[in-house]
Amino acid sequence: MELLNTLVDKGLRREVPTRDEALAVLATSDEELLDVVAAAGKVRREWFGRRVKLNYLVNLKSGLCPEDCSYCSQRLGSKAEILKYTWLKPDEASKAAAAGVAGGAKRVCLVASGRGPTDRDVERVTETISTIKEQNEGVEVCACLGLLNDGQAERLRAAGADAYNHNLNTSEATYGDICTTHDFSDRVDTVQQAQAAGMSACSGLIAGMGESDADLVDVVFALRELDPDSVPVNFLIPFEGTPLAKEWHLTPQRCLRILAMVRFVCPDVEVRLAGGREVHLRSLQPLALHLVNSIFLGDYLTSEGQAGKDDLAMIADAGFEVEGTDTTTLPAHRRDAAACGEAEPATAPEATVPGPSEETRRDLVAVRRRGAGTDLPPNA
């Protein structure tokens, strides 16, 4: 396909594709899928070789969030039967983090539900960061605490936080359809605060919420303009008890096309396969490793993931290797790089989004009952 040759050439030059080209990737057929994966895989290998970075989530505070994000099992009014607990103590969080590090994780992601942290919350998290860093040499720590107020990013950075995560999730045009308690610009502002404080920005999206192809391209181009170092791609986990419980629009093939599109638009960025991969990619997870260079190990915030040993076996079986703490994830040119450019306006018609399967696989969503906040060991 001439399209794929063009996209590979652009990716190797770190040149932004057009919006039409990004839309065309999402519109490719299942018969063309392996060609799409192979093409995006060339770009992935150019900038990241065959390395896979492992990240490990620690949910510091679960449930009871005042925000109404429709996709979230921790949202205001959620009836999802998830674990609910208040702040873990620093030694509890460090113990949970150590399990991920022992399993091969290079980065620990500390997450807490809520609109954003109070100054006391930031103090708690800074103590936790210090404890984790003291007990796990060389580990990276990413904080994900919601919307930040003035000065909080600087305090987290001073405590040793390497990165801050705050996802854009969906396009600006449709953000109000999934959340009314804050808006798209609030999220952009928090990512920019983290960058200004010297933290590596981590910001991504959630696919499968009923969005159009144009929405997916819009959010990915917004991310490219924002220029985070890592872009997590989540696939909606349709928790029972949330407004999006019936949104089962994704197929494994569509997930791969989405990941390929993200790789073409953000060729030299850490693209992370995040929540929902087991639910929606299922047996095609190994193919995704040809597109992404980073995954979460084990469980997620409120749902159970694939066992850590199975993640490691999958990486090895697919011919990839776990990235060590002595290796810098990003290509050298990105360490001091400026923003990577703006997108061109879209003119192509959007492709049709596949409808939900007649037989939804609700058995694939397993609520987390182990690890942080419980007496049971994690599965890392």
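Quantities reported herein were computed from a predicted structural model and do not represent experimental measurements.

A look at the overall build of the protein
Working step 1: Each helix and strand counted, the protein has 13 helices and 10 strands in total.
Working step 2: For 380 residues, the compact-globule estimate of 2.2 N^0.38 gives 21 Å, and the protein sits close to it at 19 Å.
Working step 3: Its C-alpha atoms give the protein principal-axis dimensions of roughly 55 × 45 × 40 Å.
Working step 4: The buried share of the protein, taken over its 380 residues, is 58%.
Working step 5: A fraction of 79% describes how many contacts in the protein between residues 6 or more apart in sequence connect residues 24 or more apart.
Working step 6: On the protein, roughly 14,900 Å² of surface is accessible, and the fraction owed to carbon and sulfur atoms is 48%.

Topic: the environment of Leu26
Working step 1: Position of Leu26 relative to the elements: it lies in helix 2 (residues 19-26).
Working step 2: Remark: the alpha-carbon pair of Leu26 and Gly276, spanning 250 residues in sequence, is separated by 19 Å.
Working step 3: If sequence neighbours within four positions are ignored, Leu26 has contacts with Asp213, Leu216, Val217, Arg254, Arg257, Ile258 and Met261.

Here we look at the confidence of the model for the protein
Working step 1: In this model, the protein carries an average pLDDT of 92, and 93% of its residues clear a pLDDT of 70 or more.
Working step 2: A low-confidence stretch, residues 338-358 (pLDDT under 50), is modelled with 35 contacts involving residues beyond four sequence positions or located in other chains.

Points about the packing of aromatic side chains
Working step 1: One pass over the full model with this rule turns up two aromatic pairs.
Working step 2: Each ring, one from Tyr175 and one from Phe184, has its centre 6.2 Å from the other, and the planes form 70°; the classification is edge-to-face.
Working step 3: Here Phe184 falls in the buried class, since its relative accessible area comes to 8%.
Working step 4: Plain terms: the ring middles of Phe296 and Tyr300 are 6.4 Å apart, the flat faces sit at 80° to each other, and that makes the pair edge-to-face. Each member of the pair, Phe296 as well as Tyr300, is classed as buried.
Working step 5: The ring of Phe221 is capped by Arg19, whose NZ or CZ atom sits 5.2 Å from the centre of that ring.
Working step 6: The ring of Phe320 carries Arg50 above its face, with NZ or CZ at 4.4 Å from the centroid.

Considerations on the pattern of salt bridges
Working step 1: The full count for this structure, using the stated rule, is 24 salt bridges.
Working step 2: A salt bridge links Glu304 to Arg370; the shortest N-O distance between them is 3.7 Å. One end of the pair, Glu304, is in the loop between strand 9 (294-296) and helix 13 (308-317); the other, Arg370, is in the segment after strand 10 (321-322), with 66 residues separating them in the sequence.
Working step 3: Under the relative-accessibility criterion, Glu304 is labelled partly exposed at 25%.
Working step 4: Three or more residues are tied together by salt bridges with common partners; here these are Lys53, Arg107, Glu140, Glu270 and Arg272.

Comments concerning the packing of helix 3 (residues 33-48) against helix 10 (residues 252-265)
Working step 1: Closest axis-to-axis distance for the helix 3/helix 10 pair is 9 Å, and the angle between their directions is 40°. Considered as vectors, helix 3 and helix 10 are oriented oblique to each other. Judged by the sense of rotation from one axis to the other, the crossing of helix 3 with helix 10 is left-handed. Along its contact with helix 3, which presents Leu33, Val36, Ala39, Ala40, Val43, Arg44 and Phe48, the element helix 10 presents Gln253, Leu256, Arg257, Ala260, Arg263 and Phe264.
Working step 2: Classifying every residue of the contact of helix 3 with helix 10 by side-chain character gives nine nonpolar, one polar and three charged.

Rules used in this analysis
- Residues numbered from 1 in each chain as written.
- Predicted model: local features only at pLDDT ≥ 70, side-chain atom pairs only at ≥ 80, totals over all residues.
- Heavy atoms only, no water.
- Helix = DSSP H or I, 4+ residues; strand = E, 2+ residues; numbered from the N terminus.
- Rg over C-alpha atoms; globule rule 2.2 N^0.38 Å.
- Buried < 20%, exposed > 50% of the residue type's maximum accessible area, 1.4 Å probe, protein only.
- Contact = heavy atoms within 4.5 Å.
- Areas by Shrake-Rupley, 256 points an atom, 1.4 Å probe, with all protein chains shown as cover.
- pLDDT = per-residue confidence, 0-100.
- Phe/Tyr/Trp six-rings, centres within 6.5 Å; stacked < 30°, edge-to-face > 60°.
- Lys NZ or Arg CZ within 6 Å of the ring centre and 35° of its normal.
- Salt bridge = Lys/Arg side-chain N within 4 Å of Asp/Glu carboxyl O.
- Axes fitted to C-alpha atoms, helices over the stretch in contact; angles between N-to-C directions.
- Parallel < 35°, antiparallel > 145°, perpendicular 65-115°, else oblique.
- Left-handed = near helix turned anticlockwise from the far one by under 90°.
- Nonpolar A, V, L, I, M, F, W, Y, C, P; charged D, E, K, R; others polar.

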